[in-house]
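Each chain, written out:
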Amino acid sequence: GRWLRTIARVRIRLSDRVIGVAAGQLASFREVLSVRPSRLTTIPNGIDVERFASGENGSFLRSDLGIASSVPVAGMVTGDAEYERTEDFIRAADHVAAALPDAHFLIAGDQHPVARSEHAAKMRRDLERLAAAFGLTDRVHFLGYRTDIPRVLACLVVFVLPARYKSFGLALPFSTSTSGRPGR
């Protein structure tokens, strides 16, 4: 909220340039943080979009998870379950599950296998308990750390980005445009 914007404004005032990866991100810097256009620079991201537009259809991952091809699947990709509000995704899954009783929900991402933290492990256990409390244990799939995100995205009918703020502004437009999936 306001406190984060204040911190961002102070950090920006101390910087010579503000770099963004897309025009939309720079527009946000101008409008929300009042950055002068003369201080903004775009450096496009270095993501290989061809890797994500590989034509993968998601059937392999669905098969691994025991999810039929006709079943709706919503999912998210996260590197930080707390910051990206994974608990909100699970709460929303409970509402969706009431309307679509066969829907499944994927959460891809977890702490890196080399850099484990007790906080991240506790967060994962808390999220698993939340899914269980909603009776969604067999429908919320915690995929853990993944290196095959194109395969995960291909499995989804809807990509969800529950984070309130995304500093790089890439996840939703990139994930949905390269995979051909709608995002919410």
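One can find the structure itself at the top, above this paragraph.
Values in this document were obtained by computation on a predicted structure and should not be read as measured data.

> Give me the overall build of the chain: which residues, what numbers.
Looking only at helices and strands, one finds 8 helices and 6 strands in the chain. The order of helices and strands in the chain, counted from the N terminus, is α-β-α-β-α-α-β-α-β-α-β-α-β-α. Across the 184 residues of the chain, 36% fall into the buried class. When contacts within the chain are restricted to residue pairs at least 6 apart in sequence, long-range pairs at least 24 apart make up 67% of them. As presented, the chain carries roughly 10800 Å² of accessible surface, and 56% of it is formed by carbon and sulfur atoms.

> Summarise the packing of aromatic side chains; cite the residues concerned and give the values.
This model, assessed by the stated rule, comprises 1 aromatic pair. For the ring pair Phe 89 and Phe 105, a centre distance of 6.3 Å and an interplane angle of 80° mean the geometry is edge-to-face. Pair noted here: Phe 89 is in helix H5 (residues 86-99) and Phe 105 is in strand E4 (residues 104-108), with a separation of 16 residues, a long-range link. Across the pair, exposure class does not vary: Phe 89 and Phe 105 are buried alike.

> Outline unusual backbone geometry, listing residues and values.
You will see that Ser 34, though not glycine, has its phi angle at about 60°, which is positive. Within the secondary structure layout, Ser 34 lies in the loop between helix H2 (23-33) and strand E2 (40-42).

> Describe the side chain of His 104, with residues and values.
Structurally, the position occupied by His 104 is in strand E4. Taking relative accessible area as the criterion, His 104 reaches 13% and is therefore assigned buried. At 2.7 Å, the side chain of His 104 and the side chain of His 141 are in polar contact.

> Account for the pattern of salt bridges, naming residues and giving values.
Considering all chains together, one arrives at 8 salt bridges under this definition. A salt bridge links Asp 88 to Arg 91, with the shortest nitrogen-to-oxygen separation between them at 3.4 Å. Of this pair, Asp 88 and Arg 91 both sit in helix H5, separated by 3 residues, roughly a single helical turn. Look at Arg 91 and you get partly exposed, because its relative accessible area is 39%.

> Tell me about the sheet that holds strand E6 (residues 158-159), residues and numbers included.
Read from one edge to the other, the open sheet built from 4 strands follows the order E5-E4-E3-E6, with strand pairing classed as parallel. The open sheet has two edge strands, strand E5 (140-144) and E6, and neither has a second partner. Direction of pairing for strand E3 (residues 73-77) relative to E4: parallel, over a ladder of 5 bridges. By the bridge assignment for E4, Val 73 is matched with His 104. Most of the contacts of H5 go to E4, to which it runs at about 170°, and overall it touches E3, E4 and E5.

> Break down the pairing of E5 for me, with residues and values.
Extensive coverage of E5 is indicated by the burial of 5 of its 5 residues. Neither face of E5 is exposed, since Val 140, Phe 142 and Gly 144 on one face and His 141 and Leu 143 on the opposite face are all buried. Relative to E5, E4 runs parallel, the two being bridged by 4 bridges. Paired with Ala 108 across the strands is Gly 144, a residue of E5.

> Can you explain the nonpolar core? Please cite residues and give values.
Within the largest apolar cluster, 17 residues are counted, with the highest numbers of intra-cluster contacts made by Phe 89, Ile 90, Phe 105, Ile 107, Val 140 and Phe 142. Of all elements in the fold, only E3, H5, E4, helix H6 (118-133) and E5 reach the threshold of two or more residues within this core. Beyond its immediate sequence surroundings of up to four residues, Val 140 is in contact with Phe 105, Ile 107 and Ala 131. Counting residues in each nonpolar core, the second largest holds 13 residues, with Ala 108, Leu 143, Val 152 and Phe 159 among its members.

> I'd love a proper account of H5, names of residues and values included.
Note that an α-helix has 3.6 residues per turn; residues three or four places apart therefore point the same way. Helix length check: H5, at 14 residues, gives a terminal C-alpha distance of 20 Å against a target of 20 Å (1.5 Å per residue), a fit within 8%. As for H5, its buried residues are in contact with E3, E4, H6 and E5.

> Please give an account of a nonpolar patch on the surface that cites residues and values.
A surface patch of nonpolar side chains, about 350 Å² in accessible area, is lined by Trp 3, Leu 4 and Ile 7. Mapped onto the fold, Trp 3 is located in helix H1 (residues 2-13).

The rules we used
Residues numbered from 1 in each chain as written. Predicted model: local features only at pLDDT ≥ 70, side-chain atom pairs only at ≥ 80, totals over all residues. Heavy atoms only, no water. Helix = DSSP H or I, 4+ residues; strand = E, 2+ residues; numbered from the N terminus. Buried < 20%, exposed > 50% of the residue type's maximum accessible area, 1.4 Å probe, protein only. Contact = heavy atoms within 4.5 Å. Areas by Shrake-Rupley, 256 points an atom, 1.4 Å probe, with all protein chains shown as cover. Phe/Tyr/Trp six-rings, centres within 6.5 Å; stacked < 30°, edge-to-face > 60°. Polar contact = N/O pair within 3.5 Å; in protein donor to acceptor, adjacent residues only side chain to side chain. Salt bridge = Lys/Arg side-chain N within 4 Å of Asp/Glu carboxyl O. Pairing = 2+ DSSP bridges. Axes fitted to C-alpha atoms, helices over the stretch in contact; angles between N-to-C directions. Core = buried A, V, L, I, M, F, W, Y, C linked by side-chain atoms within 4.5 Å. Expected span 1.5 Å × (residues − 1). Patch = residues over 30% accessible without salt bridge, like charges linked within 9 Å, V, L, I, M, F, W, Y side chains within 5 Å.

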